[in-house]
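# Chain and residue survey
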Amino acid sequence: MRYAYAITAALLAGGAAATFTMQQPVGAQVAQNAGSQAHGPIGGPASFADLTARLSPAVVNISTTQRVKVPQQQNPFAGTPFDDLFRQFNGGGNGGGDDDDNSGGNNGGGSGNGGSSGNGKPQTREAMSLGSGFIISADGYVVTNNHVIAGDPNSAESKGATLESVTVTLPDHTEYKARVVGRDQTADLAVLKIDAPKPLPFVQFGDSTKTRVGDWVIAIGNPFALGGTVTAGIVSAIHRSIGQGPYDRYIQTDAAINSGNSGGPMFDMAGNVVGINSAIYSPSGGNVGIGFAIPAEEAKPVIDVLMKGGRVKRGYLGVAIQTVTDDIASALGLQKNHGEIVGRVEPGYAASKAGIQSGDVIVKVNGTDVTPDNTLSYLVANLPIGSRVPIELYRRGQKLTVTAVIAERPPEDVLAGQLGATDDGDDNGGVDKKAEAQSKAASSALGLGLQALTPRIAQQLGVSGSTRGVVIASVDSSSDAASNGLKRGDVILSINQQPVLTVGAAAQVIADAQKAGRDTVLLQVQRGTQQAIYIGVKLQKK
């Protein structure tokens, strides 16, 4: 699991899709953007009208109908004179009413199935969603986001939904029923197929590796169910990570992107599809000038596989990771913006077999630096399954290199259900005068009062009996520890990657850091049954 601190990305429920190079054109049909070449610097156009007129025929509206199982409300009046009245107003008898959702943003309400008896059994209703897509071949292959047809993977409602039908609507309002050829949740991509009596207009991918910050782009899609909407802007950033998985490498744009744009294309000024609009950053739910698109370089290989009915395979190490923040880098004496710290190692996978441990900082994979632009997940996901690769890491200040055999990434639902393991160690002793003095020393440096983690305290805190560490008994509200969210009852498992089984051990590690001239220490902290995380905490001045 990756911890994203700086940004929250919202999936654009419904939306725009990507384009793909046609391999076998039908008849004499050519791509709407055929002949477009990578271009050098081009000034701002006097108008986007000609480009829009050429590209819009290949951009489509996508709508779906789904069956969603929802818990049925219990009937508190069963067996009383009010039983019939409750049924009448809660979906019984003739069935519930319809709620149309034309916003293009969320899965909408639908019609109840009637027959509510108040017995608490799940009830099925119809839901709808709207989004965007684009045609990538004259014979009717269409690209969109997976979440357009499957719903937001973080939504409990989407997890219980069954897709019933997908409708693709062309700009001339012609509708076609589509079948799902392939879908990939990790990359958030899906390929559909429609059968038309004549060749269809289509577009193709460009080379997004040549996209530069400041380049003009336009987005065409179906925001808020307003079909055929065109917006323009520039590329604001590339290789943007927003915490969405191993293909977390987006193009950021200030072209207006809203709910319903998901799955739609982002074009450069040569008419090439360089991205697939997929997410926005929006505290309000509307456009604030920060949208994200899947780069063509990432989407095209996935679409290639899906068009052939295949399944996308990705490399997997089997670790939960955290970004090396400035505080963590300072605590470990490492370079900023370099490497990622291992929070958990999954038993039985490549990392475990290679000897990688929790607290290791991985800085290189197969000779490539791990950086914010080249994250560990991204690098590993693109490695061949079964390949043996060197992994360079730092462990307690020592540089090591291990060799891992890359495994295949499990399905997302399997990953979501995996639980972290607890650390093993010896039990702690009770608190005595010496421990109290050591606690005061630690409190003076960290702004934290510490005490031993006894079995009784572990039970009270709800942590596993096998957890080993020291407990935070008090927090100085003016300390950096408090600013980082540490609370009374949190368990510190290690300091500077050294297990701390006693308060004395904790105090000694802190003293060693002070002697070494460090102004920050790295704490591994567990709260209740949550996954332990690493936090860099500044030491207080004496």
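Residues numbered from 1 in each chain as written. Predicted model: local features only at pLDDT ≥ 70, side-chain atom pairs only at ≥ 80, totals over all residues. Heavy atoms only, no water.

## Topic: helix α5 (residues 296–307)
Compared with an ideal rise of 1.5 Å per residue, which puts 12 residues at 16 Å, α5 spans 16 Å between its outermost C-alpha atoms and is within 8% of the ideal. Considering only its buried residues, α5 is in contact with β4 (141–144), β6 (175–184), β7 (189–193), β12 (273–280), β13 (291–295) and α8 (376–381). Following α5 by one or two positions, Gly 309 has its phi on the positive side, about 80 degrees. (Helix = DSSP H or I, 4+ residues; strand = E, 2+ residues; numbered from the N terminus. Expected span 1.5 Å × (residues − 1). Contact = heavy atoms within 4.5 Å.)

## Re helix α13 (residues 503–515)
If you check α13, its first and last C-alpha atoms are 18 Å apart, about what 13 residues at 1.5 Å a residue would give, namely 18 Å. Looking at the residues trailing α13, positive phi occurs at Gly 517, about 85 degrees.

## So, unusual backbone geometry
Non-glycine residue Asp 188 carries a positive phi angle of around 60 degrees. Looking at the element boundaries, Asp 188 is found in the loop between β6 and β7. Given the relative accessible area of 11%, Asp 188 is considered buried. Look at Phe 224: it is not a glycine, yet its phi comes out positive at around 50 degrees. Relative to the helices and strands, Phe 224 resides in the loop between β8 (216–221) and β9 (229–240). (Buried < 20%, exposed > 50% of the residue type's maximum accessible area, 1.4 Å probe, protein only.)

## So, the side chain of Gln 322
Among the structural elements, Gln 322 can be located in strand β15 (residues 319–323). Judged by relative accessible area, which is 1%, Gln 322 ranks as buried. At 2.6 Å, the side chain of Gln 322 forms a polar contact with the backbone nitrogen of Tyr 534. (Polar contact = N/O pair within 3.5 Å; in protein donor to acceptor, adjacent residues only side chain to side chain.)

## Details of the nonpolar core
Core analysis: the largest hydrophobic core is formed by 31 residues, its most contacted members being Leu 189, Phe 267, Ile 276 and Ile 303. For this core, the elements supplying multiple residues, two or more each, are α1 (49–55), β4, β7, β8, β12, β13 and α5. Top contributing element to this core by residue count: α5, with 6 residues. If you look at the next biggest cluster of nonpolar residues, it comprises 23 residues, including Ala 354, Ile 362, Leu 376 and Val 389. (Core = buried A, V, L, I, M, F, W, Y, C linked by side-chain atoms within 4.5 Å.)

## Brief notes about the packing of aromatic side chains
One pass over the structure, following the stated rule, counts 4 aromatic pairs. Looking at Lys 193, its charged tip hangs above the ring of Tyr 141, at a distance of 5.5 Å from the centre. Directly above the aromatic system of Tyr 378 lies the positively charged group of Arg 249, at a separation of 4.3 Å from the ring centroid. (Phe/Tyr/Trp six-rings, centres within 6.5 Å; stacked < 30°, edge-to-face > 60°. Lys NZ or Arg CZ within 6 Å of the ring centre and 35° of its normal.)

## Looking at the confidence of the model for the chain
Of the residues in the chain, 73% have a pLDDT of 70 or more, and the chain-wide mean is 78. Throughout residues 13–26 the model reports pLDDT below 50, and contacts reaching past four residues in sequence, or to other chains, amount to 87 contacts. A low-confidence stretch, residues 417–433 stays under pLDDT 50, and its non-local contacts, those more than four residues away or across chains, total 33 contacts. (pLDDT = per-residue confidence, 0-100.)

## Comments concerning the pairing of β6
Relative to β7, β6 runs antiparallel, the two sharing 5 bridges. Paired with Arg 183 across the two strands is Ala 190, which belongs to β7. Hairpin connection of β6 to β7: 4 residues between the antiparallel strands, including Asp 188 at a positive phi of 60 degrees. (Pairing = 2+ DSSP bridges.)

## Re the environment of Val 273
The topology assignment puts Val 273 in strand β12. Residues Val 273 and Phe 205, spaced 68 residues apart in sequence, show a C-alpha to C-alpha distance of 4.6 Å.

## Points about the pattern of salt bridges
Per the stated rule, a full pass over the model turns up 11 salt bridges. When the shortest N-O distance is used, the salt bridge between Arg 311 and Glu 408 registers 2.5 Å. Placement of Arg 311 in the loop between α5 and β14 (315–316) and of Glu 408 in strand β21 (residues 407–408) is noted, with a sequence separation of 97 residues between them. Residue classification places Arg 311 among the exposed residues on the basis of a relative accessible area of 55%. Taking relative accessible area as the criterion, Glu 408 reaches 27% and is therefore assigned partly exposed. (Salt bridge = Lys/Arg side-chain N within 4 Å of Asp/Glu carboxyl O.)

## What about the pairing of β7?
Of all 5 residues that make up β7, 5 are buried, and the element is covered over most of its length. Side chains Leu 189, Val 191 and Lys 193 of β7 all project onto a buried face; the interleaved residues Ala 190 and Leu 192 project onto the opposite face, where all are buried too. Relative to β7, β4 is paired through 4 bridges, and the arrangement is antiparallel. Across the sheet, Val 143 pairs through a bridge with Val 191, a residue of β7.

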